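Structure at a glance
Okay, here's what each chain looks like letter by letter:
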Amino acid sequence: MTLRHRVHDSRIAGVVLAGGQSSRMGRNKALLTFKGKPLIEHMMNIVLKAGVERVWVSGEVPGYDGIPDAKADAGPARAIVTVLQTLDEFDAIVFVPVDMPLLKPEMLHLLMQFPHGAFISNNPLPVCIPTATAYPDVCAVHALLEGLEVPAVSLPSCYVGGMRNANTLAEWREVVRA
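We now turn to the structure provided with this report.

Moving on to the overall build of the protein chain. Within the protein chain, the regular secondary structure consists of five helices and nine strands. Sequence-ordered secondary structure for the protein chain, helices as α and strands as β, is β-β-β-α-β-β-α-β-α-β-β-α-β-α. Expressed as a percentage of its 178 residues, the buried residues of the protein chain come to 48%. Intrachain contacts of the protein chain at a sequence separation of at least 6 include 72% that bridge at least 24 residues. For the protein chain, the exposed surface amounts to about 8800 Å²; the carbon and sulfur share of it is 50%.

Structure follows, in C-alpha cells:
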C-alpha cells in the first residue's frame, strides 16, 4: 500500500463522522443543539477553521448532504475507507467524530502538519489520514491506522479538554457544562 506524501501546499479535506446510530444517546447526536446550532454544524465549523479546503459529512444526517456508508452500520473504520476512496482527489482527509464539540481547530491543524498523517496517542479520532492506493479491510479504526502506518503523536496539554466526547445523555450534559 502506498500513501501519498503530503507537501506544504497539499489539498486537505475534512469529514465529520456522523453515521452511527446514536443508540446510547437515544437520539441523533448530530442534531443535538450546541451553542445555538445543530452539533453537526458546530463540528463542520471547527474543521473548516482548521484550514481544510472543504468539509463533508460521513453518514446520513437529515438536512445535510453526506457521503453514505458503503455498508450501513459497519462502523467508523469502514466509513473512513469509503470517504478516502470517494475523496481521492485530496492528498489527505481530517476526520472528526460528531460527538467531540470541545475540539479546537488548532488541534486539528496540528495533526495536518505531519507528512504521513497523525492521530493522538490512545485516541484514534480525530485523525488526519493521507489518501492511499489501497486500504486494509478492517473493522476497527486502530487497525486501519496501524495498517496505513499513520503515526500517533502526543497531545499538548492545552488540548486535553477538547478530547471529551458525548455518547450518553449524562456525558452530553457534562460536555455542555464544560
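Listed as buried for helix α3 (residues 105–112) are P105, M107, L108, L111 and M112. Buried residues in α3, looked at end-on, bunch into an arc of 160°, giving them a common side. Buried residues along α3 sit against β1 (12–17), α1 (39–49), β6 (92–97), β7 (118–120), β8 (123–130) and β9 (152–153).

Here we take up the packing of aromatic side chains. By the definition in use, this model includes two aromatic pairs. Relative to F90, the ring of W56 lies with its centre 5.6 Å away and its plane at 75°, an arrangement referred to as edge-to-face. Within this pair, whereas W56 is found in strand β4 (residues 55–58), its partner F90 is found in the loop between α2 (76–86) and β6, the two being separated by 34 residues in sequence. F90 gets classed as buried once you look at its relative accessible area, which sits at 3%. One Lys or Arg, R11, reaches over the ring of F90 and ends 4.5 Å from the middle of that ring.

This part is about unusual backbone geometry. In this structure, the amide linkage connecting L125 to the following residue, P126, adopts the cis form with an omega of 5°. By secondary structure assignment, the location of P126 is in strand β8. Despite not being glycine, N122 has its phi angle at roughly 70°, a positive value. Position of N122 relative to the elements: it lies in the loop between β7 and β8. Residue class for N122 comes out exposed when judged on its relative accessible area of 71%. In the Ramachandran plot, E149 falls in the positive-phi region, its phi being about 60° despite a non-glycine side chain. With respect to the helices, strands and loops of the structure, E149 is situated in the loop between α4 (141–147) and β9.

Following the sequence through the fold, D99 ends up in the loop between β6 and α3. Beyond its immediate chain neighbours, meaning those up to four positions away, D99 contacts K29, L39, R164, N165, A166 and N167.

What follows covers the sheet that holds β4. If you trace the seven strands from one edge of the open sheet to the other, you get β5-β4-β1-β6-β8-β7-β9, paired in mixed fashion. The two strands at the open ends of the sheet, each matched to only one other strand, are β5 (66–67) and β9. Taken together, the six bridges between β1 and β6 define a ladder with parallel strand orientation. The partner of V16 across the bridge, within β6, is V96. Here α3 sits on the sheet and contacts β1, β6, β7, β8 and β9; the angle it forms with β8, its principal contact strand, is near 50°.

In this section: the pairing of β6. Of all the six residues making up β6, six are buried; the element is thus mostly covered by neighbouring parts of the structure. Neither face of β6 is left uncovered, since the one carrying A92, V94 and V96 and the one carrying I93, F95 and P97 both have all their residues buried. With four bridges joining them, β6 and β8 adopt antiparallel strand pairing. Note that in β8 the partner of F95 across the bridge is V127.

Another aspect to go through is the pattern of salt bridges. In total, this model carries four salt bridges according to the counting rule given. A salt bridge links D137 to R78, with the nearest nitrogen and oxygen atoms 2.8 Å apart. Residue D137 is located in the loop between β8 and α4, and its partner R78 is located in helix α2; the two are separated by 59 residues in the primary sequence. On the basis of relative accessibility, which here comes to 64%, the residue D137 falls in the exposed class. Judged by its relative accessible area of 28%, R78 is partly exposed.

Conventions adopted
The residue numbers shown here count from 1 along each chain, following its written sequence. Residue-level local features of this predicted model are given only where pLDDT is at least 70; pairs of side-chain atoms are given and counted only at 80 or more, and the full residue set underlies all totals for whole chains, interfaces and linings. Derived side-chain values reflect all non-hydrogen atoms in the structure, with water molecules and hydrogen atoms excluded from consideration. Per the convention used, a helix needs a DSSP run of H or I reaching at least four residues, while a strand needs a run of E reaching at least two, with both numbered from the N terminus. Think of it in three bands: with a 1.4 Å probe and only protein chains considered, a residue is buried below 20% of the maximum accessible area for its type, exposed above 50%, and partly exposed in between. Contact between two residues is taken to exist if any of their heavy atoms lie within 4.5 Å; hydrogens are not considered. Values of accessible area rely on a 1.4 Å probe in the Shrake-Rupley scheme; residue burial ignores everything except the protein chains shown. The arc in question is the one traced by the directions running from the helix axis out to the C-beta atoms. Two rings from Phe, Tyr or Trp (for Trp, the six-membered ring) form a pair when their centres are within 6.5 Å of each other. A pair whose planes differ by under 30 degrees is stacked, one over 60 is edge-to-face, and the rest are tilted. Lysine and arginine charges are scored as sitting over a ring when NZ or CZ, respectively, is within 6 Å of the ring centre and within 35 degrees of the ring normal. Between any two strands, pairing holds if DSSP finds at least two bridges. Note on definitions: angles span 0 to 180 degrees between N-to-C directions of axes, and those axes are lines fitted to C-alpha atoms, for helices only across the stretch in contact. One speaks of a salt bridge when a side-chain nitrogen belonging to Lys or Arg is within 4 Å of a carboxyl oxygen belonging to Asp or Glu.

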